[in-house]
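# Fold and contact review
Chain by chain, the residues:
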Amino acid sequence: MEVILSPTIPSVKTLSPSFSSTSSSCSFNQNFSLNLSSAIRNTSSVKKRTTSSPIWRRNRSQHQNSLSVRISATSESAPSSMETTVASSKIPSKMKAWVYEEYGDPSVLRLGEEVSVPAVKEDQVLVKVIAAALNPIDFKRRQGKFKATDSPLPTVPGYDVAGVVVKVGSLVKNLKEGDEVYGDINEKALENPKQFGSLAEYTAVEEKLLAIKPKNLNFAEAAGLPLAIETASEGLEKAGFSAGKSVLVLGGAGGVGSLVIQVAKHVFGASRVAATSSTGKLELLKSLGADLAVDYTKENFEDLSEKFDVVYDAVGQAEKAVNAVKGGGSVVVLTGPVSPPGFRFVVTSDGAALAKLNPYLESGKIKPLVDPKGTFEFSKLVEAFTYLETGRATGKVVMYPIP
Ligand SMILES: NC(=O)c1ccc[n+]([C@@H]2O[C@H](COP(=O)([O-])OP(=O)(O)OC[C@H]3O[C@@H](n4cnc5c(N)ncnc54)[C@H](OP(=O)(O)O)[C@@H]3O)[C@@H](O)[C@H]2O)c1
């Protein structure tokens, strides 16, 4: 099968999917990697501020890195996979982290050199961040759309993380130093999300929000999963989706949509999956498991003769979506206005939910999709957000490596 990507993805011209039985990845050429690969109120690590007192200082040239971090490639099939050793006694008090002190466009982001490493509460672990993924909520939050329920500025952004546990709180039961973990660090995405997020060298996270990283995935692949796959899974569950039902996914090539297709098919046992994208991404939708790929630039999904048990709207098209659902069916809406029978929900981060999905990831049934541009270096966060904010990303935009 040959897949031609749209010219809107300049780095990729032709995609030739090649599935490997030995590795967890299916790669499209060299640039496109489709690999067989969700928040809590932060009452702990950060004392609430009413003023923006400096947790970080700009213009410090030298980061005092007293860490002992050893990084080495361990797997040919997962080239970014690494072995990281951090001695807990060597955890510094300051770290590099992206910070913004005011709401606005990507230009408000600054790379702080001496941001305080967050304190660890009893039920939390400190994670040495190896990779972190971006989500639209990161930029919507940065734009000030959730001011009313946001934690105080300044903010270290970032929800998704993959990394290594370097310290555990006194009430932590199952995780230990050295565990490779992944998760969405905010249990309730919009309710006082953490002031110290994952776009940093270290982040403090409740144990219950994390799961052990799937063995076959590297950190970059794993980092792209938590918020998106938890949203995919929770949405289908809330819609009452089950084996034998059909679903139409609006926005099938995005971070969430690409996982809704796969979770519906492989976890819930969908009888039929349809999804929408622009022309250049139709083959990708099919490779993810879609039975029908609808080109929204040429076709109106409301005009399809078939109707669906569930319409999963990851675009913000709820008004149209209700016209594509069967009588008695459900319309899951992630963003924008919603009208009956549509319902909107906000994802809840849950490490146990991730752990339940691990077998599907480890067997290669569900594959993480990292954007064909590849991972962005930690220093390139402004560029990465600018790209994500075009709304044209394919799968996940991931920052890797984090120093
Ligand atoms: N409520 C919640 O808990 C929750 C959780 C996660 C996300 N969200 C929200 O859900 C939305 C999607 O999140 P995401 O992470 O999937 O975003 P994303 O990865 O940035 O989505 C980008 C994708 O959207 C596709 N797209 C854009 N317009 C489209 C259209 N008219 N029809 C079909 N596809 C279209 C693009 O494909 P083309 O290039 O082909 O257009 C692109 O691949 C965001 O608004 C996000 O804030 C809400």
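Residues numbered from 1 in each chain as written. Predicted model: local features only at pLDDT ≥ 70, side-chain atom pairs only at ≥ 80, totals over all residues. Heavy atoms only, no water.

### Side note on the pairing of strand β18 (residues 308-313)
The buried count for β18 comes to six of six residues, which makes it a mostly enclosed element. Direction of pairing for strand β15 (residues 246-250) relative to β18: parallel, over a ladder of four bridges. Across the sheet, residue V249 finds its bridge partner in β18, namely Y312. Sheet topology places β18 next to strand β19 (residues 325-333); five bridges connect them, and they run parallel. Bridge assignment links D313 to a residue of β19, and that residue is V333. (Buried < 20%, exposed > 50% of the residue type's maximum accessible area, 1.4 Å probe, protein only. Helix = DSSP H or I, 4+ residues; strand = E, 2+ residues; numbered from the N terminus. Pairing = 2+ DSSP bridges.)

### Here we look at the confidence of the model for the chain
With 78% of its residues at a pLDDT of 70 or more, the chain has an overall mean of 83. With pLDDT under 50 throughout, residues 1-85 is counted as low confidence; its partners more than four residues away or in other chains account for 221 contacts. (pLDDT = per-residue confidence, 0-100. Contact = heavy atoms within 4.5 Å.)

### With respect to the packing of aromatic side chains
Inspection of the entire model under this criterion finds four aromatic pairs. One cation-aromatic arrangement involves K213 over F219; the distance from NZ or CZ to the ring centre is 4.9 Å. Against the face of Y387 rests K373, its NZ or CZ located 4.8 Å from the ring centre. (Phe/Tyr/Trp six-rings, centres within 6.5 Å; stacked < 30°, edge-to-face > 60°. Lys NZ or Arg CZ within 6 Å of the ring centre and 35° of its normal.)

### Considering the site of the ligand
Around the ligand lies a shell of 27 residues, among which K140, S278, K281, Y296 and A393 are the nearest. One of the side-chain N or O atoms of S278 is found 2.5 Å from an oxygen atom in the ligand. Notes on the ligand: free accessible area 930 Å², of which the protein chains cover 88%. Contributions of two or more residues to the shell around the ligand are made by α1 (136-142), α3 (226-238) and β16 (272-277). Looking at the shell around the ligand residue by residue, the classes come out as 13 nonpolar, 11 polar and three charged. Of the residues that make up the shell around the ligand, three or more belong to each of domain 1 (2-225 + 371-399) and domain 2 (227-344). (Near = heavy atom within 4 Å. Polar contact = N/O pair within 3.5 Å; in protein donor to acceptor, adjacent residues only side chain to side chain. Areas by Shrake-Rupley, 256 points an atom, 1.4 Å probe, with all protein chains shown as cover. Nonpolar A, V, L, I, M, F, W, Y, C, P; charged D, E, K, R; others polar. Domains from an automatic or database assignment.)

### Remarks on the nonpolar core
Counting 55 residues, the largest nonpolar core has L236 and V247 as its most contacted members. Each of two domains, domain 1 (2-225 + 371-399) and domain 2 (227-344), supplies a minimum of three residues to this core. Ranked by size, the runner-up nonpolar core spans 32 residues in total, among them Y100, V125, V161 and V172. (Core = buried A, V, L, I, M, F, W, Y, C linked by side-chain atoms within 4.5 Å.)

### Some remarks on the sheet that holds β19
Backbone-to-backbone hydrogen bonds join strands into a sheet, with any given pair of strands oriented parallel or antiparallel. The six strands are arranged β17-β16-β15-β18-β19-β20 in an open sheet whose pairing can be described as parallel. Two strands lie at the open edges of the sheet, namely β17 (292-295) and β20 (342-344), each paired on one side alone. The average undirected angle you get between the axes of adjacent strands in this sheet is 20 degrees. As paired strands, β16 and β17 are joined by four bridges and run parallel to one another. For T276, the partnering residue across the bridge sits in β17 and is V294. In the packing of α3 onto the sheet, the strands contacted are β15, β18, β19 and β20, and the crossing angle to β18 comes to about 145 degrees. (Axes fitted to C-alpha atoms, helices over the stretch in contact; angles between N-to-C directions.)

### Quick word on helix α7 (residues 351-362)
For α7, with 12 residues, the first-to-last C-alpha span of 16 Å sits near the 16 Å given by 1.5 Å per residue. Among all positions in α7, only G351, L354, L357, N358 and L361 are buried. All buried residues of α7 lie within an arc of 145 degrees about the axis, which places them on one face of the element. Lining the buried residues of α7 we find β12 (180-184), β14 (210-212) and α3. For α7, the N-terminal capping position is held by D350, with its side-chain oxygen 3.0 Å away from the main-chain nitrogen of A352. (Expected span 1.5 Å × (residues − 1). Arc of directions from axis to C-beta.)

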